[in-house]
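The lines below spell out each chain.
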Amino acid sequence: MSPKLLRRAVEALDTFRIETPSWGFADTGTRFGKFFQDAAAIDMGDKLADAGQVHRLTGCCPTVAVHVLWDFVAGEDPRKVVRLARQHGVKIGAINPNLFQDQCYKWGSFGHNDPAIRERALQHCVDSVALMKATGSEYLSLWFADGTNYPGQGSIRERKAHFTAGLQALHKKLGPKQTMLVEYKPFEPACYATDIADWGMALLLAKKAGKRAKVLVDTGHHYNAVNIEQIVAWLLDEDMLGGFHFNDRRYADDDLTLGSIDPYQVFRIFHEIHFFAADRGRMPKIAYMVDQCHNEKPKIEAMLQTVVIAQELYTKAALVDHDALRRAQAKNNVIDAELLLKKAFFTDVAPALAAWRKQGKLPADPLAAHRRSGYERAAAADRRARRKALGLTQGGSFA
Ligand code: AFD
Ligand code: MN
Ligand code: MN
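Residues numbered from 1 in each chain as written. Chains lettered and ligands numbered in written order. Predicted model: local features only at pLDDT ≥ 70, side-chain atom pairs only at ≥ 80, totals over all residues. Heavy atoms only, no water.

## A look at the overall build of the chain
Just so we agree on the cut-off: In this text, helices come from DSSP runs of H or I with a minimum length of four residues, and strands from runs of E with a minimum of two, each type numbered from the N-terminal end. Only the C-alpha atoms count toward the radius of gyration. The rule for a globule is 2.2 Å times the residue count to the power 0.38. Relative accessible area decides the class of each residue, using a 1.4 Å probe on protein chains only: under 20% of the type maximum gives buried, over 50% gives exposed, and in between gives partly exposed. In this analysis, two residues are considered to be in contact whenever any of their non-hydrogen atoms come within 4.5 Å of each other. Areas reported as accessible are Shrake-Rupley estimates using a 1.4 Å probe. Residue values count occlusion only from the protein chains shown. The charged-residue count follows a simple rule in which Lys and Arg add positive charge and Asp and Glu add negative charge, with His and chain termini not counted at all. Working definition for charges: the position is that of NZ of Lys, CZ of Arg, CG of Asp or CD of Glu.
Of regular secondary structure, the chain possesses 15 helices and twelve strands. For the chain, the C-alpha radius of gyration of 21 Å lies close to 21 Å, the compact-globule estimate for 399 residues. Each of the three principal axes of the chain carries a C-alpha extent, and together these read 60 × 50 × 40 Å. Expressed as a percentage of the 399 residues in the chain, the buried residues total 55%. The contacts of the chain with a sequence gap of at least 6 include a subset with a gap of at least 24, amounting to 77%. In the structure as shown, the chain presents an accessible area of about 18600 Å², 55% of it carried by carbon and sulfur atoms. Counting 54 positive and 46 negative side-chain charges, the chain places the centres of these two groups 4 Å from one another.

Set out below in structure tokens:
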């Protein structure tokens, strides 16, 4: 790697930060069952300790996305969680309301045909905005499970109108430094018509909601053939790309570790961002967040894998020669244009990561350092004993 490329790569690493999700450290399951892990987090203290371990080892995960109902005890001062986060060397990041578990949301939240339920859902989001003030969070991350399962079940246009009104009302409650992110998902749990099913619906709703609303792209929320980087380029060009939930998928919203199936797609997404920044002379503000929760892989190890591959692919994408690419594109030189991306994708950025970690006094290999630290073993022993004392079933957690 030439000194010039090394410099560019280290500069990219200096600016790249990615947020870990509190829910990624607790036990989870599929709709067919939960497989418990002794070292899985039981409570928010454990989740923040685990997030702190990931940040300590990687140096690029200073904030933790939280779920309002799973991470805050009703009636308790949220600043307790803020202090807990600080103790573990991290800060609270995006606030995720939960509009998909209460029984009252069986027929939807913002899209419900009962105005009282829509009002209740809106109030939960307004309460979440108040929580953002206490935690100092910038982002309200909105995902709605709303939708219908059968043709004719609900009025698609009426539900669209409910979402437009609800998001506009919510937007009015945002502070000057707060942004709401509207996430889309083609299906699951709704099987026929999810109310915010694609990037176009999310874009329309965000634009109608107001200036502080943007689109959140969850990489797992696309059908197999969708060109995600094209969506990213359009949203960038409209200044409507708020952020990402990163994971990988083979068939559906599989929440696999980022880059485990298609690392080149993640590289192309990051390339569009770097190319946009080079054209505009400024890197846009984008919330990079992980949204994964693993059944089979040990949770902290899986998070380390995802964070490290995100760093690697972001850095590789920073190495594309944009001037040469523009020249090749101008001449319709397809081969050279493609080779410029491939050259960056296949560049070994290990020397840059090693230099960056060394200058930050970070372990050369975060996963190996985690394994050597005995953190997982100690957490498993501690949490096994605490579950027993709490009378929690094996793997039980408050999430
Ligand atoms: C699920 C949903 C969506 C949401 C996440 C966190 O599919 O991605 O962002 O839970 O609430 O993965
Ligand atoms: Mn998501
Ligand atoms: Mn998802």
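## Looking at the nonpolar core
Our working rule: Side-chain atoms within 4.5 Å link the members of a nonpolar core, which is a set of buried Ala, Val, Leu, Ile, Met, Phe, Trp, Tyr and Cys residues.
By size, the foremost hydrophobic cluster in this structure holds 107 residues, and its most contacted members are Ile18, Phe110, Leu167, Leu170, Phe244, Phe270 and Tyr288. No other element matches helix α10 (residues 299-318), which puts ten residues into this core. When sequence neighbours within four positions are dropped, the list of residues in contact with Leu170 reads Phe110, Leu122, Cys125, Val126, Val129, Leu140, Leu142 and Met180. With eight residues, the next largest nonpolar core counts Trp23, Leu216, Ala287 and Met289 among its residues.

## Concerning the layout of surface pockets
For clarity, the cut-off: Using protein atoms alone on a 1 Å grid, points that fit a 1.4 Å probe yet trap it form a cavity, whereas open point sets bounded by protein on both sides within 12 Å along at least five of seven lines form a pocket; residues with an atom within 4 Å of a point count as lining. Grid points are joined across faces, edges and corners, and a volume is the space filled by probe spheres set on the points. Gly falls in the polar group here, along with every residue not listed as nonpolar (Ala, Val, Leu, Ile, Met, Phe, Trp, Tyr, Cys, Pro) or charged (Asp, Glu, Lys, Arg).
By volume, the largest pocket is sized at about 1600 Å³. Around the largest pocket, the lining is made up of 41 residues, and of these Thr28, Gly29, Glu188, Asp253 and Asp255 lie nearest the centre. When grouped by side-chain class, the residues that make up the lining of the largest pocket number 16 nonpolar, 13 polar and twelve charged. For the second largest pocket, the calculated volume is near 580 Å³. What lines the second largest pocket is a set of 28 residues, among which Glu19, Thr63, Glu138, Tyr139 and Lys285 lie closest to the centre. Among the secondary structure elements, those contributing two or more residues to the lining of the second largest pocket are α4 (79-87), β5 (91-96) and β12 (287-290). Ranked by residue count, the leading element in the lining of the second largest pocket is β5, at four residues. For the lining of the second largest pocket, the per-class residue count stands at 16 nonpolar, six polar and six charged.

## Digging into the environment of Ala121
Considering the arrangement of structural elements, one finds Ala121 in helix α5 (residues 115-135). Among the residues examined, Ala121 registers a relative accessible area of 0% and is labelled buried. The spatial distance from the C-alpha of Ala121 to the C-alpha of Phe110 is 6.2 Å, given a sequence separation of eleven residues. If we ignore the near neighbours within four places in the chain, the residues touching Ala121 are Leu99, Tyr105, Ser109 and Phe110.

## Structural notes on the pattern of salt bridges
Worth spelling out the cut-off: When a carboxyl oxygen of Asp or Glu lies within 4 Å of a side-chain nitrogen of Lys or Arg, that pair is called a salt bridge.
One pass over the full model with this rule turns up 23 salt bridges. Two residues, Asp38 and Arg384, come together in a salt bridge whose shortest N-O distance is 2.5 Å. Of the two residues, Asp38 sits in the loop between β3 (33-34) and α2 (44-58) while Arg384 sits in helix α15 (residues 375-390), which places them 346 residues apart along the sequence. A salt bridge links Asp50 to Arg383, with the shortest nitrogen-to-oxygen separation between them at 2.8 Å. In this pair, Asp50 sits in helix α2 while Arg383 sits in helix α15, placing the two residues 333 residues apart along the sequence. Relative accessible area serves as the criterion here: at 3%, Arg383 is assigned to the buried category.

## A few points about the coordination of the manganese ion (ligand 3)
Just so we agree on the cut-off: Water is not among the atoms examined, so metal sites may look incomplete; donors are the N, O and S atoms within 2.8 Å of the metal, or within 3.2 Å for Na, K and Ca.
Protein-derived ligands of the manganese ion (ligand 3) are His221 (NE2) and Asp253 (OD), with the metal-ligand distances lying across 2.2 to 2.3 Å. Between the manganese ion (ligand 3) and the manganese ion (ligand 2) the interatomic distance amounts to 3.9 Å. Pair noted here: His221 is in the loop between β10 (213-218) and α8 (228-237) and Asp253 is in the loop between β11 (241-246) and α9 (263-280), with a separation of 32 residues, a long-range link. For His221, a relative accessible area of 4% translates into the label buried.

## Overview of the coordination of the manganese ion (ligand 2)
Which entries qualify depends on this criterion: For a four-donor site, all angles between 85 and 135 degrees give tetrahedral; for four or six donors, opposite pairs above 155 degrees with the remaining angles between 65 and 115 give square planar or octahedral; all remaining cases count as irregular.
The protein atoms that coordinate the manganese ion (ligand 2) are Glu183 (OE), Asp218 (OD), His245 (ND1) and Asp291 (OD), at distances of 2.2 Å. Taken together, the six donor atoms coordinating the manganese ion (ligand 2) and their angles of 72 to 166° define a geometry best described as octahedral. Within one chain, the residues donating to the manganese ion (ligand 2) are spaced in sequence as E-x34-D-x26-H-x45-D.

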